[in-house]
Amino acid sequence: MALATLHEVLATAVKTNTAIPGFNIDNIEGTEAIMDAAEAEQCPVILTVGQGAIKAGQLRHLADLVKRIAQESTVPVVLHLDHGISYEQTIQCLRLGFTSVMYDGSHFPLEENIRESRSVVRSAHAVGVSVECELGAISGVEDGISHKNVNLVDVEEVRRFIGEVDCDALAIGIGNAHGMYQGTPHFDFDRLRACKNLGTPPLVLHGGSGTPDEMIRQAIQLGIRKVNVATELRMAFMAGLERTVGQRDFYEMYRTAKENVTALARHKIQLFQGKL
Ligand code: 13P
């Protein structure tokens with residue numbers, strides 16, 4: 001089928017009170033493994049190209065890969081840019097056929113974030129592409145982007161932002177962080193509830209790796225409609241490679257890595273879809 005937009009798949013999630021996975025992709029094998037999981041679970045999937053993959057020169061390759069995979073897929077697939085760093089980068093992605101771009105202006109003062117986000121929304125919407133924005137810079141390290149402090153989104157800023165920016169999804173900081181957590185994370189669920197009560201667009205939880213299942217369930221119940229996972233998938237892939245790297249069979253080595261990723265992605269999908 002044709003690629004879907006973020007707006008389309010999140011509309012389904014809103015109706016069913018579930019969340020759609022935003023899985024970061026880095027290479028062919030990992031992407032195929034994620035698609036095996038999405039097909040097995042018959043769940044839409046957001047395949048996300050992050051800044052690490054872009055720095056490694058993979059932007060065009062991954063875009064082409066996802067466009068081909070989507071044609072053969074029986075579930076809706078979104079080609080999404082993660083943490084877009086500039087207006088120019090989001091435009092580059094529109095040209096490459098992305099159906100969704102994230103513009104992350106969360107490290108800017110509010111006014112500037114609003115101004116830049118509005119420009120991205122205007123251009124992307126003109127060609128039918130969805131936009132995710134961010135408020136309350138999410139801490140941790142993701143693809144070289146690092147925020148040390150845990151940033152909690154300011155609810156009043158959310159009110160102003162959604163009044164001025166017509167985005168399709170909004171990522172917020174509620175104590176979540178990129179990368180694996182040291183210990184159990186603490187999420188400010190009251191803050192999440194307060195944001196949702198403002199009538200926000202579908203809310204996004206970044207930093208899904210290592211979050212206890214129960215906390216994910218609660219976040220979805222309170223309005224999270226997209227959950228991003230990157231680090232845990234990469235770790236599953238690497239663990240598969242490490243276990244089999246001594247073998248002589250090149251493809252056997254990838255088989256284990258892929259099986260690991262498929263099993264983990266299926267677990268996340270079942271959790272996000274309220275089946276676990
Ligand atoms: P994790 O690496 O913590 O899963 O975070 C992924 C993410 O939020 C991508 O934007």
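Presented here is a report on the structure given in the accompanying data block. Since the model is a prediction, treat every value here as computed from it, not as a measurement.

**A look at the sheet that holds strand S5 (residues 130-135)**
Hydrogen bonding along the main chain pairs the strands of a sheet, whether they run parallel or antiparallel. Here eight strands make up a closed barrel; going around it, the order is S1-S2-S3-S4-S5-S8-S10-S11 and the pairing parallel. In this sheet, neighbouring strand axes are inclined to one another by 25° on average, regardless of whether the strands run parallel or antiparallel. Across four bridges, S5 lies against strand S8 (residues 169-172) in parallel orientation. From the neighbouring strand, Glu-132 faces S8, where its bridge partner is Ala-169. Its contacts with the sheet place helix H1 (residues 6-16) against strand S1 (20-24), strand S2 (45-49), strand S3 (77-84), strand S4 (100-103), S5, S8 and strand S11 (224-229), and it is angled at close to 120° to S11. Sitting on the sheet, helix H5 (residues 87-95) touches S3 and S4, and the angle it makes with S4 is about 175°.

**Notes on the packing of aromatic side chains**
For the structure shown, the criterion picks out four aromatic pairs. Consider the rings of Phe-187 and Phe-189, whose centres lie 6.0 Å apart with planes at 65°: the pair is edge-to-face. Measuring from centroid to centroid gives 6.3 Å for Phe-237 and Tyr-254, while their planes differ by 45°, and the two rings are tilted. Placement of Phe-237 in helix H10 (residues 231-244) and of Tyr-254 in helix H11 (residues 250-272) is noted, with a sequence separation of 17 residues between them. Using a relative accessible area of 10% as the deciding quantity, one classes Phe-237 as buried. Ring pairs connect the aromatic residues Phe-237, Phe-250, Tyr-251 and Tyr-254, which therefore count as one cluster.

Conventions and cut-offs
Residues numbered from 1 in each chain as written. Predicted model: local features only at pLDDT ≥ 70, side-chain atom pairs only at ≥ 80, totals over all residues. Heavy atoms only, no water. Pairing = 2+ DSSP bridges. Helix = DSSP H or I, 4+ residues; strand = E, 2+ residues; numbered from the N terminus. Axes fitted to C-alpha atoms, helices over the stretch in contact; angles between N-to-C directions. Contact = heavy atoms within 4.5 Å. Phe/Tyr/Trp six-rings, centres within 6.5 Å; stacked < 30°, edge-to-face > 60°. Buried < 20%, exposed > 50% of the residue type's maximum accessible area, 1.4 Å probe, protein only.

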